[in-house]
Structure formats: structure tokens, C-alpha cells
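Structure assessment
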Amino acid sequence: MPDLFDPVVFGDIHLANRIVMAPLTRGRSGPTGVPTELGVEYYRQRAGAGLIISEGTGISREGLGWPNAPGLWTEAQVEGWKPVTEAVHRAGGKIVAQLWHMGRLVHSSVTGTQPVSASATTAPHKAHTYEGKKPYEEARAITHDDIQRILGDFATATRNALRAGFDGVQLHGANGYLIDQFLRDGTNHRDDDYGGSVENRIRLLREATEALISEAGAGRTLVRLSPLGLVQGCDDSDPHGLFIAAGKALGELGIAAIELREPGAHSTFAPSDIPPVSPHIRPHFEGGIILNSDYDGPSARARLSEGVADAIAFGRPFISNPDLPDRLRKELTLADPDPSTFYTAGPEGYTDYPVAAEQAAA
């Protein structure tokens, strides 16, 4: 069975090890969505991962409602990402851009427009805004013209990602955002060819993935799914049936890899008692499967030994352990992150976590 430190190939992307840095929203890019010098250092520090998946990166102002998150729809944003990808590559790493449309999980005070979704629904809880948290607003149902426009935005963002030096792209189809809002019958109430049956509800997932493939090629395209229960107000009556069908569809497209968030009942984010779907997707998907949620070194190795996963993604441990692969290799204690600095400005809790060697010297 493979070890965490064995190389692996996902499509056209060659990874030095099977440790993946999961996408982590950090909110350090400013209101224009342009990455800064701090972002260059942050990603460079973590280039020991076999693959870095960037923080969620907006394909349009409409789809990016998280304050100070980065984008890939303007020339300035493309230029801002170039030093990031160059720094990762100089450090020997690989990085793909996660492309993000948040759907109804935005607020008009950030985007300037009414939220959009599969159907006219309102998300529970509150949105992050520049003025603090505000209740979500009702989304309007996307029209067929809107869908074509958004697919075009995905294609443009993919083209921009490649221009910025990324090794590939990942479609964010998880965690209750736009693609997930179409996938699940709890938020998709449509009666057209994007609603009703599972086949119809996975249509936008397929078409958005095809938009990425049209620019990057299947060998540089990844997709993120969260085959679990309720997340950010988004749920489905038959998640196993839905996500097995989604996995089959992505397998037919021949993409490089899928990342699956499968949290357990005690997860730190969106806990779920839904049994893992990944073993049922594996027979239908020949690309790489990356599993994500609350792993440490021993549990990651155990999952690899089962033969379902090809790599393991680590999220919050990468925030506070920039040298996470080295710590896992040497079985060193992991530092805990400070949640109060997850989304603040500046280097605190972002680029100032020490590596193990620095801690030992101190």
C-alpha cells in the first residue's frame, strides 16, 4: 500500500508526495481580490505539500461574497497570483486554483447584486460582510441565460489561472455553494432540465467541469465534492445515490482527481453521520481520489492502506504547521491554530507560525 510520502500522478500533475493542502479561506487579499506579498510567503511556506489547492478564488464579483478573498476575473488578480505560483514552484511544489461561485451564500453589500441559486431560497445563519455578519438574503433562481454566463465565467477564470502559472484548477462543488445548491434536492426545486431527477441535478456540475476542461484539459482539472449531510443549509434526501452518480459522471469526463470531504460525527466542520461514499465512487472513478476531513498522520496512513484514497488533504493543520509534511514524516507534535486570526488582516496567524526547527531552537 502507498505511503504518504510516495509520489503520485494525477492526470498531468506529478506530485512528490500524497499530502495535499486543502483549500483554506483566509481573507488576506483586500477588497479588490488581488493577492498580496503576504500571500506569496504564506503559500511558499507550505510548498512541501505534494499539492496545494488554493483558497477559494472567485470567478466573478457576483459569485465572490467573502470579504477580502481573492479572485481570477481581472488582469490585476492574474498578475497578483503570478508571484504566488512562482514562489511555490521555486520551492518545489505544485498548486492548483480552486474556482468558487458561492451562489446564495453571499450578501449584496459585498457583491453589489442579489444572490443567485438553483431556486429562490434563503440560506440559514449569517453572511460575512465588511460590516460584520448579516442575515442572508433571498436568492433569485438562475435562468438558462445566467447559467451560460456563469459557465463562461468558469472558463475565463480557468484560462486566467493558467496564465497566472497554476498547475491546474479545481471546481468547488462542495460545502453548500452554487454547484452543491444545484446538486441537492433540499435547495434545488427546479422543474426544468437542471432539476428534479439526479441526472438533471448533476447537469450543472458536469457542464461546469466541462468548462474547466475546455481550457485546462481533463488532466489538469480537479473537482471538490462534499458527500455528506446538511452543510450551510444544503441537504439531500439520498446523498449516497446522488454522489455516486456525480462520481460516475466525473469519471466519464476523465478528470485528474476528485477531493471528497467526508467528515465524521465529531468533525470540526459540518459533522455528519452519513457513511462514507468514497468506497462506492472508487469503482467508477479511475482518477485520483483525495480524502479530506480531520486527518492526522496515523489516520491518514490508515485511509491510504484501505485502497480507496490516493492522497489525503489536510486543512487546519496546515494553517499552524507550515512544515506539516516534515512534521508528519518525523511524527512531531502539531501546533494548534488560533481561530481568532483565521480571517483577520496582516501576518498574525497567517505567516508567523514557526516551523518545528524554529520552535526547538527557541
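Each value, and the rule that gives it
- Residues numbered from 1 in each chain as written.
- Predicted model: local features only at pLDDT ≥ 70, side-chain atom pairs only at ≥ 80, totals over all residues.
- Heavy atoms only, no water.
- Helix = DSSP H or I, 4+ residues; strand = E, 2+ residues; numbered from the N terminus.
- Expected span 1.5 Å × (residues − 1).
- Contact = heavy atoms within 4.5 Å.
- Buried < 20%, exposed > 50% of the residue type's maximum accessible area, 1.4 Å probe, protein only.
- Pairing = 2+ DSSP bridges.
- Right-handed = clockwise from strand over helix to strand, strands pointing away.
- 1 Å grid on protein atoms, 1.4 Å probe; cavity = no way out; pocket = protein on both sides within 12 Å on 5 of 7 lines; lining within 4 Å.
- Points joined across faces, edges and corners; volume = space filled by probe spheres on them.
- Nonpolar A, V, L, I, M, F, W, Y, C, P; charged D, E, K, R; others polar.
- Axes fitted to C-alpha atoms, helices over the stretch in contact; angles between N-to-C directions.
- Parallel < 35°, antiparallel > 145°, perpendicular 65-115°, else oblique.
- Left-handed = near helix turned anticlockwise from the far one by under 90°.
- Phe/Tyr/Trp six-rings, centres within 6.5 Å; stacked < 30°, edge-to-face > 60°.
- Lys NZ or Arg CZ within 6 Å of the ring centre and 35° of its normal.

Section: helix α8 (residues 239-253)
- Its 15 residues give α8 an end-to-end C-alpha distance of 21 Å, which sits within 8% of 21 Å, the value for a rise of 1.5 Å per residue.
- In this structure, the buried side of α8 is in contact with α5 (178-183), α6 (198-201), α7 (203-216), β12 (221-225), β13 (257-261) and α9 (278-281).
- Looking one or two residues beyond α8, the residue adopting positive phi is G254, at roughly 70°.

A look at the pairing of strand β15 (residues 311-314)
- What you see with β15 is no split at all: A311 and A313 on one side and I312 and F314 on the other are buried throughout.
- For strand β14 (residues 288-292) and β15, the ladder comprises three bridges, and the chain directions are parallel. From the neighbouring strand, I290 faces β15, where its bridge partner is A311.
- Handedness of the crossover joining β14 and β15 through helix α10 (residues 297-305) is recorded here as right-handed.

Here's the deal with the environment of P35
- Here P35 is to be found in the loop between β3 (19-21) and α1 (37-45).
- Between the alpha carbons of P35 and E252 there is a distance of 35 Å; along the sequence they are 217 residues apart.
- P35 has contacts with S29, P70, Q77, G80, W81 and V84, leaving out every residue within four places of it along the chain.

A closer look at the layout of surface pockets
- Of the voids in this model, the second largest pocket is the one considered here, and its volume is about 150 Å³.
- Taken together, G27, W66, P67, N68, H128, T129, Y130, G132, K133 and Y343 make up the full set of residues lining the second largest pocket.
- The set of elements that each furnish at least two residues to the lining of the second largest pocket consists of β8 (126-129) and β9 (132-135).
- Split into classes, the residues belonging to the lining of the second largest pocket amount to four nonpolar, five polar and one charged.

Quick look at the packing of α1 against helix α2 (residues 75-90)
- Following both chains from N to C, one finds α1 and α2 inclined at 25°, their axes separated by 8 Å at the closest point. The orientation of α1 relative to α2 falls into the category roughly parallel. Considering only the axes of α1 and α2, their crossing is right-handed. Residues G39, V40, Y43 and R44 of α1 pack against W81, P83, V84, A87 and V88 of α2.
- Along the lines of polarity and charge, the residues of the contact of α1 with α2 split into seven nonpolar, one polar and one charged.

What to know about unusual backbone geometry
- Not every positive phi belongs to a glycine, and N68 is a case in point at roughly 65°.
- Within the secondary structure, N68 is located in the loop between β5 (57-58) and α2.
- Overall, N68 belongs to the partly exposed group, its relative accessible area being 21%.
- The phi dihedral of N175 is positive, around 60°, even though this residue is not glycine.
- Its location among the elements puts N175 in the loop between β11 (168-172) and α5.

Section: the packing of aromatic side chains
- Here the structure, examined in full by the defined rule, presents eight aromatic pairs.
- Ring centres of Y42 and Y350 lie 4.2 Å apart, and the angle between their planes is 10°; on these two criteria the pair is classed as stacked. Residue Y42 is located in helix α1, and its partner Y350 is located in the loop between α12 (324-330) and α13 (356-361); the two are separated by 308 residues in the primary sequence. Comparing Y42 with Y350, the two get one shared label, buried.
- Where Y43 meets W81, the ring centres are 6.0 Å apart and the plane angle is 55°; that geometry is what we call tilted. Of the two residues, Y43 sits in helix α1 while W81 sits in helix α2, which places them 38 residues apart along the sequence.
- Take W81: its relative accessible area is 1%, and that puts it in the buried class.
- Ring pairs connect the aromatic residues Y42, Y43, W81, F166 and Y350, which therefore count as one cluster.
- Sitting above the plane of the F5 ring, R329 keeps its charged end 4.0 Å from the centroid.

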